[in-house]
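# Structural overview
Chain residues, written in single-letter form:
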Amino acid sequence: MIISVDHGNKSIKTPNALFTSGLIVSEGLQGFKTDYICWNNKYYTLTEQRIAYLRDKTEDERFYVLTLFAIAMELRKMGQLQPMLSVELAVGLPPEHYGTLRDKFANYFKRGSIQFVFNDTPICLMVQQVFVYPQAYAAVVPQAEKLRETPRTFVVDIGGYTTDVLLLRTTRPDMQFCRSLELGVIDMNNAIIGKVSALHDIQIEDDHIADIIMGRPSILPQEVQDTIFSETRSYSSQILDKLRELKVDLRATPAIFIGGGAALFRNFIESSPMVAHADFIPDQRANAIGYGMLANAQLSRMQTYNGGGDGIVRG
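Predicted, not measured: the structure shown is a model, and the values here were computed from it.

Criteria and cut-off values
- Residues numbered from 1 in each chain as written.
- Predicted model: local features only at pLDDT ≥ 70, side-chain atom pairs only at ≥ 80, totals over all residues.
- Heavy atoms only, no water.
- Buried < 20%, exposed > 50% of the residue type's maximum accessible area, 1.4 Å probe, protein only.
- Helix = DSSP H or I, 4+ residues; strand = E, 2+ residues; numbered from the N terminus.
- Pairing = 2+ DSSP bridges.
- Phe/Tyr/Trp six-rings, centres within 6.5 Å; stacked < 30°, edge-to-face > 60°.
- Axes fitted to C-alpha atoms, helices over the stretch in contact; angles between N-to-C directions.
- Parallel < 35°, antiparallel > 145°, perpendicular 65-115°, else oblique.
- Contact = heavy atoms within 4.5 Å.
- Expected span 1.5 Å × (residues − 1).

Below, the discussion takes up the pairing of strand E11 (residues 152-158). The two faces of the sheet receive side chains in turn, since in a regular strand these alternate between them. Of all 7 residues in E11, 6 are buried, a share of seventy percent or more. As paired elements, E11 and strand E12 (residues 163-169) share 7 bridges and run antiparallel to each other. When the bridges of E12 are listed, Val156 appears paired with Val165. Hairpin remark: E11 followed by E12, antiparallel, with 4 residues in the connecting loop. As paired strands, E11 and strand E14 (residues 255-258) are joined by 4 bridges and run parallel to one another. The partner of Val155 across the bridge, within E14, is Ile256.

Take the packing of aromatic side chains next. For any pair of aromatic rings, the description rests on two quantities: the centre-to-centre distance and the angle between the ring planes. All chains considered together, the criterion is met by 14 aromatic pairs. With a centroid separation of 6.4 Å and 10 degrees between ring planes, the pair formed by Phe105 and Tyr108 is classed as stacked. Highlighted residues: Phe105 and Tyr108, both in helix H2 (residues 95-109), separated by 3 residues, approximately one helical turn. Grouping residues by exposure puts Phe105 and Tyr108 together as buried. Here Phe131 and Tyr133 contribute two aromatic rings whose centre-to-centre distance is 6.5 Å and whose plane-to-plane angle is 15 degrees, an arrangement assigned as stacked.

What follows concerns the packing of helix H4 (residues 185-200) against helix H5 (residues 206-213). In the contact formed by H4 and H5, the axes pass within 10 Å of each other and the chain directions differ by 95 degrees. The orientation of H4 relative to H5 falls into the category roughly perpendicular. Contact residues: H4 offers Met188, Asn189, Ile192 and Ile193, while H5 offers Asp206, Ile209 and Ile213.

This next bit is on the sheet that holds E12. Across the sheet, 5 strands lie side by side as E13-E12-E11-E14-E15; this open sheet has mixed pairing. Strands with a single pairing partner mark the edges of an open sheet, and in this sheet they are strand E13 (172-181) and strand E15 (278-281). Sheet twist, expressed as the average angle between the axes of neighbouring strands with direction ignored, equals 20 degrees. Across 7 bridges, the pairing between E12 and E13 is antiparallel. Looking at the pairing, Leu166 lines up with Cys178 of E13. The sheet strands contacting helix H6 (residues 222-245) are E11, E12, E13 and E14, and the helix crosses E13 at an angle near 125 degrees.

This part is about the sheet that holds strand E4 (residues 18-20). Judged by pairing direction, the sheet is antiparallel, and its 3 strands sit side by side in the order E2-E3-E4 without closing on themselves. Strand pairing shows two members of the sheet lacking a second neighbour, strand E2 (6-7) and E4, which therefore form its edges. Alignment of strand E3 (residues 11-13) against E4, held across 3 bridges, turns out to be antiparallel. By the bridge assignment, Ser11 is partnered in E4 with Thr20.

A few words on H6. Because each turn of an α-helix spans 3.6 residues, side chains separated by three or four positions end up pointing in the same direction. For H6, spanning 24 residues, the distance from its first C-alpha to its last is 35 Å, which sits close to the expected 34 Å at 1.5 Å a residue. Along H6, the positions that sit buried rather than exposed are Val224, Gln225, Thr227, Ile228, Thr232, Tyr235, Ser236, Ile239, Leu240 and Leu243. Positioned one or two residues after H6, Lys247 has a phi angle of 70 degrees, which is positive.

That is the geometry; function is a separate question.
Here you go:
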């Protein structure tokens, strides 16, 4: 069974689940009812407080525990959560980091038999193989047939802390042309929250900003809404300007925008003179879905040729 997980700086995604990349660690179970994992004599619960940005997510155990949550929650959604589990894991990395970190990232999940408790259910988990793929590329896999018609396409993944760009030549990723900017939705939100507080003496949160940008009902004063719109437009222009500096000219090459930031910036991107043609994949789970599709295809090829090796599969 293949379980695919997208390890975002802002949120963890599987094909059927999405939750914030945040953990609370304690020595005992908290009194309130919530999903929890007990592993290595520590209790973990999820929180909306995000983990600080990590370029290398293998630096500590937090993203491993978040992966245990992702696997358990995905299997629960599928109705296949059992005490004994054997899975293949499909994951991904930003294209610019893929070549240097993929083996380390794969080994991070290869730990033999792991025993933990999820919501009072003891689980013995074995990760048989780890498939590693470039982010952004995975998200557009379902559109492969359409992409065959276009010789060059930029895939722009606007995430929580970074904006990653990959060049596709028809359906093949050009791993020699990967760009990454440390510009993302979280950085923008922090700047807007600070500016709204300074200008209007009102404390807002990420959800307030998303409500305004997406046109959802809000009781915020009009001048606050105007500030949010103005700052978002300015930030989206900043991303496009920085991409152009990195030779990502979206006036000459069509682009597909993905990630949580793509939906927030869509109106600003579509109206920008810096973008000639843009398609959008608004589903934040797109990378996770793509990892699963790529892993299924690769596993079929491996079975055909009787492969296996070290259990680490370089996509």
